[in-house]
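# Inside the fold
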Amino acid sequence: MDWGTDLWDQYDVIDKHSQSGLDLVERYIKFVKERTEIEQSYAKQLRSLTKKYAKRGSKEEQDCKFSNHASFQEILNELNDYAGQRELIAENMMTGICVELTKYLQELKQERKTHLSDAKKAQQTLESSFKHLESTKKRFAKEWAEADKATQQAEKTESDLNATRLDVEKAKQHAHARTHTAEECRNDYAAQLQKYNKEQNLFYYSEIPQIFNKLQDMDERRVRRLAEGYCQFSDIEKKVLPIISKCLEGISAAGVKINEKQDSVLFIEQHKSGFERPGDVEFEDYSQGIKPATSDSSLNPPKVRAKLWPFSKKHKISHAEKHMPPAAEDFSHLPPEQRKKRLQAKIDDITKELQKTQDQSDALEKMKGVYEQNPQMGDPSSLEPQITETAQNIGRLRGELAKYETWLSEAVGGEESSNTINNNTQHGVVAADQSNIYTEFDDEFDDIESPIGQCTALYTFQGNSEGTISITEGELLSIMEEDKGDGWMRVLRASGEEGYIPSSYVKLTP
């Protein structure tokens, strides 16, 4: 069954049906285009959402060391990748469906227009032939009637006794001429009829069936291409589903790998000071009078130390914090544990920079060798300033690396002997967070005490915090209270000034 055979007389129906098919293609293109706009908007909103909640800055980077913070960042990254896949779906739908179908639709419109135009032309040709047939038929009928009339008139004239021979002959000639003309018209009509029937047969059995069958083929191709477009609508998304699934699996994995115990341990490692808890405050019995200078109480912390730390409000700016000592290069102003972490981080940074500089130096040396072998490529001497600068940087970085490694070994060693006087060459002051330990000294050192030892200042120290004193390198000091594990000791200067200094800034005098 085909359109040309079964729908030979349904031109108008075929016209409407083929137009309806093209309208459907156009409608589907519009539908997919709106879908791509939704996908693009969705992806844009997802990207904005991930950007809004993504952490930035040093504090956030510090928090991301915890598994629950890091997992949330991974979720945001996975969601950002997911948004990228939605954008890919939109892009592929636009190029693979909308653009291609739009181009195909224009081709179909032109093809349909050509077929319908051919059918119209064939119809007009047949109609013109039929009009010519009708014209020859009417002429034949007219001429035959005239010939019949002339023949009757001739017979009448011949039977008329009053008619002359000439009249009779003239009437016969006229009738003969009319009959001849009528015969010619009859032949023309017969020939035109034969021609028309042939053209009509060609129109209904060949031309129109071929045109309608072409329209049928065009419509079936349109349907098949549209069906492929329908499948593409699904297949385009199916192609990215594995990646989308990985994104979703990554989000699930980020949640599964969170380790609450590990986060707690990490938090402890980051913030533990390494200091010992304050000891008990001894009872001072004033009813017994002034205690001997050699009393053990002289070895105990001042009465305010246990009270103020670690329960002081160190997040608020106290008077002592306003006069905190500047941060030391060796991080000795930090608690032991944090100092080690900062030193190690500094060593890692210097190591990376040293490696980068070393690679740069190697590259310059190779380039210099190439220039020496191929002078046309460049002047080897032009690289000397860069080579010299790089060598200086390497020397500087190696010096810094050795310095920080020494400080780290001292910090590790200092922790192991936290209850003894540190005799190495550490540089630094007390932790910034502990600068308010000695913020109150009511009637400082009222008791009469005797020195428990002597020490010599290795470095100059500016006692800017309340309760500390300044010392100069090489100064001889009397030890009034030894280091209790917090890195500080109380000393007496020759001038009579008494206060706390870092234990690592002095060495014991035998």
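Because the structure is a prediction, the values reported are computed rather than measured.

Here we come to the overall build of the protein. When helices and strands are tallied, the protein shows ten helices and five strands. A burial count over the protein gives 35% of its 510 residues as buried.

Moving on, we come to the nonpolar core. With 41 residues, the main nonpolar core has Ile97, Leu101, Phe212 and Leu215 as its most contacted residues. If you list the elements that add at least two residues to this core, you get α2 (11-53), α4 (67-159) and α5 (165-256). In terms of residue count, the dominant contributor to this core is α4 (17 residues). When residues no more than four places from it in sequence are discounted, the contact partners of Ile97 are Tyr28, Val32, Asn92, Thr102, Gly229, Gln232, Phe233 and Ile236.

Here Glu337 shows up in helix α9 (residues 336-373). Owing to a relative accessible area of 9%, Glu337 belongs among the buried residues under this scheme. Taking the C-alpha atoms as reference, Glu337 lies 7.6 Å from Glu269; in sequence the two are 68 residues apart.

A few words on α5. Here α5 spans 132 Å end to end across 92 residues, near enough to the 136 Å set by a 1.5 Å rise per residue. Along its length, α5 shows its largest kink, about 45°, at Phe203.

Before going further, it helps to spend a moment on the sheet that holds strand β2 (residues 476-481). Here five strands make up an open sheet; going across it, the order is β4-β3-β2-β1-β5 and the pairing antiparallel. Each of the sheet's edge strands pairs with one partner strand only, and the pair in question is β4 (498-502) and β5 (506-509). Averaged over neighbouring strand pairs, the angle between their axes works out to 45° when direction is ignored. Sheet analysis places β2 next to strand β3 (residues 488-492), joined by three bridges and oriented antiparallel. Paired with Ser478 across the bridge in β3 is Leu492.

As for its position among the elements, Thr357 is in helix α9. For Thr357, a relative accessible area of 8% puts it in the buried group. Once residues lying within four places of it in the same chain are set aside, the contact partners of Thr357 are Thr390, Asn393, Ile394 and Leu397.

Attention now goes to a nonpolar patch on the surface. A contiguous nonpolar patch, built from Leu49, Tyr53 and Phe72 and spanning about 280 Å² of accessible area, is present on the exposed surface. You can see Phe72 is positioned in helix α4. Owing to a relative accessible area of 36%, Phe72 belongs among the partly exposed residues under this scheme.

The rules behind these values
Residues numbered from 1 in each chain as written. Predicted model: local features only at pLDDT ≥ 70, side-chain atom pairs only at ≥ 80, totals over all residues. Heavy atoms only, no water. Helix = DSSP H or I, 4+ residues; strand = E, 2+ residues; numbered from the N terminus. Buried < 20%, exposed > 50% of the residue type's maximum accessible area, 1.4 Å probe, protein only. Core = buried A, V, L, I, M, F, W, Y, C linked by side-chain atoms within 4.5 Å. Contact = heavy atoms within 4.5 Å. Expected span 1.5 Å × (residues − 1). Bend = angle between axes of the 7 residues up to and from the residue. Pairing = 2+ DSSP bridges. Axes fitted to C-alpha atoms, helices over the stretch in contact; angles between N-to-C directions. Patch = residues over 30% accessible without salt bridge, like charges linked within 9 Å, V, L, I, M, F, W, Y side chains within 5 Å. Areas by Shrake-Rupley, 256 points an atom, 1.4 Å probe, with all protein chains shown as cover. Salt bridge = Lys/Arg side-chain N within 4 Å of Asp/Glu carboxyl O.

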